[in-house]
Amino acid sequence: MDINMETEKFYENYMIAIQFRFDEEGEEIEFDDRDNFDENGKSSEPRKCRFCNCIEGGEHSFKKVAHAIPELLGNKKIITQNECDRCNNISGSTYETALGNYLSVLRALLRIPGKKSQYKYKYNYKNNNDNLINEIKFRKEEKLEITSTIGSDGVEINEDKREVKFNLPRYSYVPFEVYQSFMKIFLSVLPKQYLEDADFVKIILNFNELYKYSNQESNILRKVILEQAKAITLFVPGPALSELIILKKKNDSFVAPDFIFIIRIFNKAFQFCIQKLSSKLGTVKVPSFFNIFINDWMEYSKINKDKFGIPKQWIEDFSSLEKCTQSEKITFGYAFIEKKQIED
């Protein structure tokens, strides 16, 4: 069967639960699970945290501005009222830190603006007692500035092909915490009517709690969670955008994940499969939906492959619980490059 036909057939069993852009072109969105609002859009009802289920009041405060999608991904407009300050602090110091470090090289190369309008990646190391520097930084609306010591293998310029090859280590991160960060984004933006079907995501976010129990059920849950901590990943050369899509399965009788979660961050996109706890937990082969949702961009890149290169797709494993510093290997074409001498 043709791959696109197989994907289309699979896709027929899903509906779009939510879809929006979260880059500069996107509209402002606020997620708020409360029911009663006055004419000014305000509610006197206490808020409830989607992550720990606490109710606003007393020691449970909701004073911080909580971003449903981390600011480090370029989001300035997608806000949630459904996250308490405690959960916001925890996610900021764990999941979001891991996600930021995982994307540390790409954030610089793709010029993804975070909380500030500038970002800098820096990696220094020694080789035969020589200090080698690799640095990438940008300010919004300005050129990408790359500093690399001669002799470093982190940045290689091929002037004949007008290419720059990068082979730089990401900042230290735990892959599973990156996965948890994506799951938190999913739960933050999931429409309210589907929250009961997202119970398994809360277990993923509280994965460490399972180690408190040595029973068979906890062991099985840990195994299943780690087996599912994968994403179909796509890199699309050319023009960038940031978009999020959640697909909901139409019928429980269809043997497949309950949700398909797709998030594109500039030129890199991820597809995750998510099941509810009552489903038969296991691995189901799911086709890549990128051919449907990002097909135009993929075709555009193929047509302009000499200018941008061709899209690449692979499976990324986030199941490791150990810190790592895997390298980001990527090649960029350039129209113009200006060389400068580094001053001592």
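What you see is a predicted model, and the numbers here were worked out from it, not measured in a lab.

### A closer look at the overall build of the chain
Moving on, step 1. Secondary structure assignment for the chain yields 10 helices and 15 strands.
Moving on, step 2. Classification of the 344 residues of the chain by burial places 48% in the buried group.
Moving on, step 3. Counting contacts in the chain only where the partners sit at least 6 residues apart, residues at least 24 apart contribute 68% of the total.
Moving on, step 4. About 19,200 Å² of surface is accessible on the chain, with carbon and sulfur atoms providing 47% of the total.

### What about unusual backbone geometry?
Moving on, step 1. At Asn53, a residue that is not glycine, the phi angle is positive and equals roughly 70 degrees.
Moving on, step 2. Summarising the element assignment, Asn53 is placed in the loop between strand S2 (29-31) and strand S3 (66-67).
Moving on, step 3. Located in the positive-phi region is Arg111, a residue other than glycine, with phi close to 60 degrees.
Moving on, step 4. In this fold, Arg111 is placed in the loop between helix H4 (104-109) and strand S5 (118-127).

### Quick word on the nonpolar core
Moving on, step 1. Within the largest apolar cluster, 76 residues are counted, with the highest numbers of intra-cluster contacts made by Phe182, Met183, Leu244, Ile246 and Phe261.
Moving on, step 2. Once residues lying within four places of it in the same chain are set aside, the contact partners of Met183 are Val201, Ile204, Leu205, Phe261, Phe272 and Ile274.
Moving on, step 3. Tyr14, Val236, Ile245 and Ile262 belong to the second largest nonpolar core, which has 14 residues in total.

Rules used in this analysis
- Residues numbered from 1 in each chain as written.
- Predicted model: local features only at pLDDT ≥ 70, side-chain atom pairs only at ≥ 80, totals over all residues.
- Heavy atoms only, no water.
- Helix = DSSP H or I, 4+ residues; strand = E, 2+ residues; numbered from the N terminus.
- Buried < 20%, exposed > 50% of the residue type's maximum accessible area, 1.4 Å probe, protein only.
- Contact = heavy atoms within 4.5 Å.
- Areas by Shrake-Rupley, 256 points an atom, 1.4 Å probe, with all protein chains shown as cover.
- Core = buried A, V, L, I, M, F, W, Y, C linked by side-chain atoms within 4.5 Å.

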